[in-house]
Structure formats: structure tokens, C-alpha cells
Amino acid sequence: MLYWDYAAATPPYEEVVQTMEQIMKLHYANPSSLHRAGVEAGKLIRRSREVCAAALAVKPEELLFTSGATESNNLAIKGAALQYEGRGRHIVTTEMEHPSVYESCLQLQKRGWEISFIKPERTGIVDPDRVAAAVRRDTVLVSVMHVNNEVGTIQPLREIGNLIKSLNSRVLFHVDGVQGYGKLSVSLKEWKADLYSLSPHKIRGPRGVGLLYVKEGVMLSPLLTGGSHEDGLRAGTENVPAIVAAAKAVRMSGEQREAFADRLTPLRDRLLHFLRGIPEFLLNSNEDGAPHIVHFSYPGMKGEVMARKLEELGMAVSTQSACSSLLAEPSRVLLSMSRDVSAASGGIRISLGDIHTEADVTALEQAIMTAVQALKIVEGGMK
Ligand code: PMP
């Protein structure tokens, strides 16, 4: 089976697996314990925080460890909303955010918050002027993702950050950075980001751990209360093995970012070129997007049918994102990009990783041709 679902989960680096095992065996002490073993475990967390901070060019005190980016996004949005509701009860976000952002906003909406959901252009890119036009004096937070997890489009974060801050200097800017880190350059300062979420399992790190950058001076109301872990922002005994291994993955994938992009960009472009040759397909991604995501729709054919056929042919692809694929509903992301229901129900996401080679792409192209023919999708136009 060839795995084309890197945007959903990645195989951990060997070093990550070894680190997890070692720390589980050797450093099982509770980092809050006062004895030596506990102090040692605490030091490992401190060191890991420094490593992640260096990779993001931020201060270690500005980073906290969570259980994953879903939690980081929930904490960024609801934590800021609860903390700053005195300033107003308005949030600006987009129609194409990950469910962990989108549903957090919907939950606040049910509690009386006003949410402006900005519609992206047909290209899947959000117009910064539209975001800016929605910002008001009572806007507490703007949340826009770096790279869309379904179609791979890259949002103009620098323009958005600068515009919104020039309109309302108190507004907080949250970026869901999950699909961008390790693939594109990240500059929290240039974006004027106050909050930034990361998920190590998308960058060959472990699951069960996430990161949230909280800019110095920004306060959040914790969602999990209990002990004083993570500066009182996230109670619960720290997952030391996952934290140390996450720091490894953050460092390694950060260092390998350019090599990753250089390697994958030609493969991605080749796939895009191939898919454009199939007249029945509608491309939802292009060369301007992230180097690891290719997305197309076959209007009229359910994505699951195509994905299942490709699986029979040894190719693991995704329909929508992994978090939404069980819903069997048209993709909210594609609908936001003005695709009709038929195209939004027939999406296929191919996401690449550093294991992939030209030969793998050839095999995938052949499988797609076979699948298309087997499903009698194409009557003409293909050789
Ligand atoms: N945001 C984006 C853009 C994602 O792709 C994902 C993972 N599908 C998440 C947030 C949630 O991350 P996690 O799996 O760590 O909860």
C-alpha cells in the first residue's frame, strides 16, 4: 500500500520513536514531584520548550504544551473569548477553517457571540480586505489558518495581520499553523500573530501532544483547570515522552523544511499536470499552494467511491480531511470555495510526504487512470 495521506498523519521519525521509548522507560516520574527524578523530568520539559521556541523564534515562556492542535485551537479561541469578553463579543474567522476552529466559533455563537465567517475566493484564498472589512471595535479575535488542510491553499497572513492590527490594535490574531509548519516558512512576528497552534503528529512527531504559542502579555482563560501546570493555562500531568519527542520533530522538520519543499514541489507539480489532463476532474489546488497537498473533485462521483477503488489498487488517499471524512456530507471547505454540491461531494485529497519518489507518483498516476477507467468515468480525452 502506498500512503498518500500525510496531511492526516505522518510516520514518526525513528528518533521520535526511540525518544518516546527511552523517556517512558527512564523518566516516568511526575515532573511536578520534588524528588530528583521529578526534577529531571521537569528539566526535560523545559529543554523541549526551549527547542520549540528556538524553532519558532519565540520565547520559551510563550509556548505551552497541550494534547494536540484541536486543544490548542479550542484554548486559543474560547480561552481568549472568555478572557476578553469585556472588550466585546465578536470574532472574525473564515468559512474554511478546520473543525476545531470552526466548531469552537459555532459554540460561542450559540452563547451569543457574533461570528463573521469570511468566504474565501474561488481559489481558496481569503481576501485580506474582506477580513479587514469585518473587523470592528468590539472584535476580540481574528482566526485564519496558514494552510488549508483540505486543498492546501496558503493564506496571506502578513497582509491580514498588518491590516487588522492597523484597524484595531487590541484585536488578537490566531493562526492555525498545523499544515504549514515544516513545509513553508513561518514568521509569527511578520504575521503579527498573538496565538499560533501546531500539531507534532503532522510533522513526523508523536500524537497526544500539541503546541500553542501565546504572545507575551496575552492572557487566556484556561479551559482545563486543576494543577498549575503550563503556567496555569493547561492543568494535567505533562506527557513527558510526547513533549520531548515533539520537540525533536519540531526541530527536525523545521531544519528539513527547505529540502522537503524542494523535493515535493516537482512531484506535486507533476501530479497537478497529470490531473489537468483528465477532463472530468476539477482541480481544487494549484502550484501556488502548499507543496504537500493536491486536491481534485470528480463532480458526480462520490469521493468515497474513487478512494475505495484507489485503495483496491494499493493507494491510500483521503476524501475530505481525516477529521471530516466520516461525515459523508459535501465538504464545507469546497462549498466555501463556491463549488457546487456535486463537486463538493466528490473530492479526493492526495497528500505527499518525504518518502515519496517519482516512481511512486508514476504508480499513483497509473492507479488513477485504472480507477477512472474501471469506474467508467472517462469516455474520452485520456490516452
Ligand atoms: N488544524 C488543522 C489545519 C489540521 O489539519 C488538524 C489535523 N487534522 C488540526 C487542526 C487538529 O490537529 P490535531 O490532530 O493535533 O488535533
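Everything quoted here is computed from the prediction, not taken from an experiment. (Residues numbered from 1 in each chain as written. Predicted model: local features only at pLDDT ≥ 70, side-chain atom pairs only at ≥ 80, totals over all residues. Heavy atoms only, no water.)

Draft legend 1. Geometry of the environment of proline 200. Within the secondary structure, proline 200 sits in the loop between strand 7 (195–198) and strand 8 (210–214). Among the residues examined, proline 200 registers a relative accessible area of 1% and is labelled buried. C-alpha of proline 200 to C-alpha of asparagine 149: the two residues are 51 residues apart in sequence and 15 Å apart in space. Each residue touching proline 200, except ones within four places of it in the same chain, is listed here: Gly205, Pro206, Val209, Gly210, Leu211 and Ala246. (Helix = DSSP H or I, 4+ residues; strand = E, 2+ residues; numbered from the N terminus. Buried < 20%, exposed > 50% of the residue type's maximum accessible area, 1.4 Å probe, protein only. Contact = heavy atoms within 4.5 Å.)

Draft legend 2. Looking closely at helix 13 (residues 358–374). Under the 1.5 Å per step criterion, the end-to-end length of helix 13 is 24 Å for 17 residues, consistent within 8% with the ideal 24 Å. Residues Asp360, Val361, Leu364, Glu365, Ala367, Ile368, Ala371 and Val372 constitute the buried set of helix 13. Along helix 13, the residues classed as buried sweep out an arc of 165° about the axis, all on the same side. Residues Ala359 and Gln366 are exposed on helix 13 and point more than 90 degrees away from its buried face. Those residues of helix 13 that are buried are in contact with strand 1 (2–3), helix 9 (257–276), helix 10 (303–312), strand 11 (315–316) and strand 12 (347–351). (Expected span 1.5 Å × (residues − 1). Arc of directions from axis to C-beta.)

Draft legend 3. Broad picture of the nonpolar core. Among the nonpolar cores identified, the biggest contains 51 residues, and Leu63, Val131, Val142, Ile164, Phe173, Trp191 and Tyr196 are the most heavily contacted of them. Considering each element in turn, this core owes the most residues, ten residues, to helix 8 (residues 240–255). Those residues in contact with tyrosine 196 that lie beyond four places of it in its chain are Leu56, His174, Val175, Gly177, Tyr181, Val186, Leu188, Trp191, Leu211, Leu212 and Tyr213. (Core = buried A, V, L, I, M, F, W, Y, C linked by side-chain atoms within 4.5 Å.)

Draft legend 4. Here's a closer look at unusual backbone geometry. Look at alanine 57: it is not a glycine, yet its phi comes out positive at around 55°. Examined against the element boundaries, alanine 57 turns out to sit in the loop between helix 2 (36–56) and strand 2 (63–66). The exposed category is assigned to alanine 57, whose relative accessible area is 53%. At serine 338, a residue that is not glycine, the phi angle is positive and equals roughly 60°. With respect to the helices and strands, serine 338 occurs in the loop between helix 11 (332–336) and helix 12 (341–345).

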